[in-house]
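# Fold and contact review
Next come the chains, spelled out residue by residue.
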Amino acid sequence: MGMMGHSGPGGLRMDQSDLKLREVDPALYRRLAGFVRPYWRRLAVASCLMVVGALSGLAGPYLLKMALDEYVARQDLNGLNLVALAYLVASFIQWWTGYGQTYLVSWVGQSVIYDLREQMFTRLQTLSLRFFDTMASGRLVARLTSDVDTINQLVSSSLVSLFSNLLILVAIMATMLKMNWRLALVTFTALPLLWGTVKYFQARLRGTFMEVRRRNADVTANIAESISGVRVTQSFVREQVNQEQFDQINAQQCEAQIDSIRIFAMFFPAIEIISALGTALVLWYGGYQIRLQNYGVTIGDVAAFIAFLTRFFNPIRDLSQVYNVIQAAMVGAERVFEILDRRPEITDAPGVGTLPPVAGRVEFRDVVFGYDPAQPVLKGIDLRAEPGQTIALVGPTGAGKSSIVNLLARFYDPQQGGVYVDGHDLRQVSQRSWRQQLGMVLQDSFLFSGTILDNIRLGRAEISEADCIAAAQAVGAHAFIERLPGGYGAEVQERGNKLSLGQRQVIAFARALAGNPRILILDEATANIDSYTEAMIQQGLQVLLQGRTALVVAHRLSTIQNADRIYLIDDGRVVEEGTHHELLARHGRYRSLCLGQLQATSAD
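## Overview of the overall build of the protein
Along its length, the protein carries 20 helices and twelve strands. Within the protein, buried positions represent 46% of all 604 residues. A fraction of 77% describes how many contacts in the protein between residues 6 or more apart in sequence connect residues 24 or more apart. For the protein, the accessible surface area stands at approximately 30200 Å², while carbon and sulfur atoms represent 58% of it.

## Structural notes on the sheet that holds strand 11 (residues 565-570)
Spatial strand order, 6-9-10-3-11-12: six strands in an open sheet with mixed pairing. In this open sheet, the two edge strands, each paired with only one partner strand, are strand 6 (438-441) and strand 12 (573-578). Adjacent strand axes in the sheet meet at a mean angle of 15°, parallel and antiparallel pairs treated alike. Bridging between strand 6 and strand 9 (residues 519-523) involves four bridges; their strand directions are parallel. Within strand 9, the position partnered with Gly439 by the bridge is Leu520. With respect to the sheet, helix 11 (residues 401-408) is in contact with strand 3 (390-394), strand 6, strand 9, strand 10 (549-553) and strand 11, its orientation differing from that of strand 9 by roughly 150°. Together, strand 6 and strand 9 form the strand contacts of helix 16 (residues 501-514), whose direction differs from that of strand 6 by roughly 175°.

## Some points on the packing of aromatic side chains
Evaluation of the coordinates by the stated rule reveals eight aromatic pairs. Judged by centre distance (5.5 Å) and plane angle (50°), the rings of Phe369 and Tyr412 are tilted. Remark: Tyr412 occurs in the loop between helix 11 and strand 4 (416-421) and Phe369 occurs in strand 1 (residues 362-369); sequence separation between them is 43 residues. Accessibility assignment for this pair places Phe369 and Tyr412 in one class, buried. Among the aromatic residues, ring-to-ring pairing joins Phe92, Trp95 and Tyr99 into one connected group. A cation sits over an aromatic face here: Arg31 above Phe337, 4.1 Å from the ring centre. Residue placement shows Arg365 over the ring face of Tyr420; its charged tip is 3.8 Å from the ring centre.

## Notes on the pairing of strand 4
Pairing between strand 1 and strand 4: five bridges, direction antiparallel. Pairing of Val362 across the sheet is with Val421, part of strand 4. With two bridges connecting them, strand 4 and strand 5 (residues 424-425) associate as antiparallel partners. From the neighbouring strand, Tyr420 faces strand 5, where its bridge partner is Asp425. Counted between consecutive antiparallel strands, the loop separating strand 4 from strand 5 contains two residues, among which Asp422 sits at a positive phi close to 55°.

## Re the sheet that holds strand 4
Remark on secondary structure: sheet strands pair via backbone hydrogen bonds, oriented parallel or antiparallel. Across the sheet, which stays open at both edges, the four strands sit in the order 2-1-4-5 with antiparallel pairing between neighbours. The sheet is open, and its two edges are formed by strand 2 (378-385) and strand 5, each paired on a single side. Contacts between helix 11 and the sheet are confined to strand 1, strand 2 and strand 4, with strand 1 contributing the most and set at about 115° to the helix.

## Here's the deal with unusual backbone geometry
We note that Asp571 has phi near 55°; this positive angle belongs to a residue other than glycine. Relative to the elements of secondary structure, Asp571 occurs in the loop between strand 11 and strand 12. For Asp571, a relative accessible area of 43% translates into the label partly exposed. Positive phi is not limited to glycine here, since His587 has a value of about 55°. Considering the arrangement of structural elements, one finds His587 in the loop between helix 19 (580-585) and helix 20 (589-603).

## Focus on the environment of Phe268
For Phe268, the position within the fold is in helix 9 (residues 239-292). Beyond its immediate sequence surroundings of up to four residues, Phe268 is in contact with Arg317 and Gln321.

## Focus: the nonpolar core
Of all hydrophobic cores here, the largest spans 64 residues; its most connected members are Val112, Leu116, Leu124, Phe131, Ile151 and Phe337. Residue assignment for this core shows that the elements contributing at least two residues are helix 1 (26-36), helix 3 (77-126), helix 4 (129-133), helix 5 (137-179), helix 6 (181-188), helix 7 (191-228), helix 9 and helix 10 (299-340). Counting 41 residues, the second-largest nonpolar core is a separate cluster that includes Ala392, Ala508, Leu513 and Ala550.

## Quick notes on the packing of helix 6 against helix 9
Their axes nearest at 9 Å, the elements helix 6 and helix 9 cross at an angle of 145°. Relative to helix 9, the crossing made by helix 6 is right-handed. Residues Arg182, Leu183, Val186 and Thr187 of helix 6 form the contact with helix 9, whose own contacting residues are Leu281, Val282, Tyr285 and Gly286. Split by residue class, the contact of helix 6 with helix 9 holds five nonpolar, two polar and one charged.

## A closer look at the pattern of salt bridges
According to the stated counting rule, one finds 14 salt bridges in the structure shown. Arg117 serves as the salt-bridge partner of Asp149, at 3.1 Å between the closest nitrogen and oxygen. Here Asp149 is found in helix 5, whereas its partner Arg117 is found in helix 3, with 32 residues between them in sequence. For Asp149, a relative accessible area of 33% gives the class partly exposed. Linked through salt bridges whose partners overlap, the residues forming this network are Arg361, Glu363, Arg365, Arg384 and Glu386.

## Quick look at a nonpolar patch on the surface
A surface patch of nonpolar side chains, about 1100 Å² in accessible area, is lined by Val52, Leu85, Val89, Phe92, Ile93, Trp95, Trp96, Tyr99, Tyr103 and Trp107. Element by element, the count of residues in the nonpolar patch is highest for helix 3, at nine residues. Relative to the assigned elements, Leu85 resides in helix 3.

## Structural notes on the pairing of strand 10
Extensive coverage of strand 10 is indicated by the burial of five of its five residues. Pairing analysis gives four bridges linking strand 3 to strand 10, with the strands arranged parallel. Bridge pairing links Ala392 to Val552 in strand 10. As paired strands, strand 9 and strand 10 are joined by five bridges and run parallel to one another. Note on strand 10: the bridge partner recorded for Leu522 is Val552.

## Thoughts on the confidence of the model for the protein
Summing up the model confidence of the protein, the mean pLDDT is 80 and the portion of residues at 70 or higher is 88%. Here helix 17 (residues 531-545) is the element of the protein with the lowest mean pLDDT, 66, and strand 1 is the one with the highest, 95. A low-confidence stretch, residues 1-22 stays under pLDDT 50, and its non-local contacts, those more than four residues away or across chains, total 68 contacts.

Rules and cut-offs
- Residues numbered from 1 in each chain as written.
- Predicted model: local features only at pLDDT ≥ 70, side-chain atom pairs only at ≥ 80, totals over all residues.
- Heavy atoms only, no water.
- Helix = DSSP H or I, 4+ residues; strand = E, 2+ residues; numbered from the N terminus.
- Buried < 20%, exposed > 50% of the residue type's maximum accessible area, 1.4 Å probe, protein only.
- Contact = heavy atoms within 4.5 Å.
- Areas by Shrake-Rupley, 256 points an atom, 1.4 Å probe, with all protein chains shown as cover.
- Pairing = 2+ DSSP bridges.
- Axes fitted to C-alpha atoms, helices over the stretch in contact; angles between N-to-C directions.
- Phe/Tyr/Trp six-rings, centres within 6.5 Å; stacked < 30°, edge-to-face > 60°.
- Lys NZ or Arg CZ within 6 Å of the ring centre and 35° of its normal.
- Core = buried A, V, L, I, M, F, W, Y, C linked by side-chain atoms within 4.5 Å.
- Left-handed = near helix turned anticlockwise from the far one by under 90°.
- Nonpolar A, V, L, I, M, F, W, Y, C, P; charged D, E, K, R; others polar.
- Salt bridge = Lys/Arg side-chain N within 4 Å of Asp/Glu carboxyl O.
- Patch = residues over 30% accessible without salt bridge, like charges linked within 9 Å, V, L, I, M, F, W, Y side chains within 5 Å.
- pLDDT = per-residue confidence, 0-100.

As structure tokens, then:
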């Protein structure tokens, strides 16, 4: 994939959305809420459990006060037994409600993540090739995995923590004020210091968090690129260079993580110190008032307030972490919605019709096209293929041959002119109805995980196993497939690594031909096939090409000399056109091309 844009360490591109710290758009919250809304009933039950759990958690300090003031002082063992039993019941209720709310909210979170990943994958399947030309695959994988996982953390755990902790804080403050408002106000004098400390660390944590996200993306992209290019790495003995680049990126990621950990390591002790300060204030003021016997402060009040303080500062500490999770989730959501908001460039126009079964006439009429419209690759291409003809496209690398077949497959649309099949402008018919009648074999044949039969059929249920076997026999693949353990049921590893390049290519031929297409595109399809294998499939190809229109991009003379018409493309224009013998007789560039190839073959 293209690696365009800003370069990070090691030359890897960094996502533009990672370059700046930006304020979160409130619309992101609303969009995420839209994914949560279908599961509101479970969330409602979880909310009820949350309230019950919060209230049962407040019972502990209150029971402690009751035990000290009413039963310990009077040495009432029966009352103490009842208080102890009530404490156990409250603890069990808190455990049970905590389990229920955690399970329900986690279930909702996983359902939301399932929906998000489903929509993202569906969107990626429909986006035009231009998007993938400018987006590194490793970064797309990161968005489908790590970015979605941050949203999962928000929905599955942090939302529960946010609302339950807020509820606990409000309930604790109200209970403390009701029990003894003077003692409560003394306790609350630590809150401004707590608030300032949390805000200070939040600002620093957000910066380090964003840096960690950037460095994680760099590591993911580098690993994906290195794995994909491992054969080239080993072939050119580039291991040391790759290792040095990865070491640099990995070290930067590690440094960013350590910076984040360093701040966390300072943050939690700071909260503990403020908590200790609050406890000290309660002990000092409460003890002083007990000694003076003022305002009805009792030992039970002081003990209950200390217990409440433990419960009071824990939610604040948790909420500070929730803030960071929310920031992470919003950054992840922004990157996820960026994918979901993408619209394919190549779409079916409103009201387009279905392309009827075609005879196979192909026309390019004054086609101008560039991947960057300001830099056209094709500059007024005119060519024509009659039904059943084989058209060969030849010319130097970069001349525009593959761009022609990309336009015919309608992976892109021209900026000027049009591509027509049986007189139908491809922009005026549905893509599905057109591509169902098209077969395509590329130079880099891609095989999916699964069996060889699966790779020939490629999910097209209308193609029977007999059709797949017939296609394999026609292109000369049947013999080697039968020799494999399991035959057509043999499992293909990732990208078909168990097979040779030639074997993968003839399977791709069988895949293209199994659907009995009316038009075939062969883009350097024999480039990875040795001379022996090519000779083996030539006869089958001649039979299968008969009656079909084929556009063949090739350099091998043996592949193109039998074509009905040959177009020599150079610098985005047709410079010569005719049959093999007609072009040889002109003593032009085609003849020079053929002589050069013959001389190279003779030298070999």
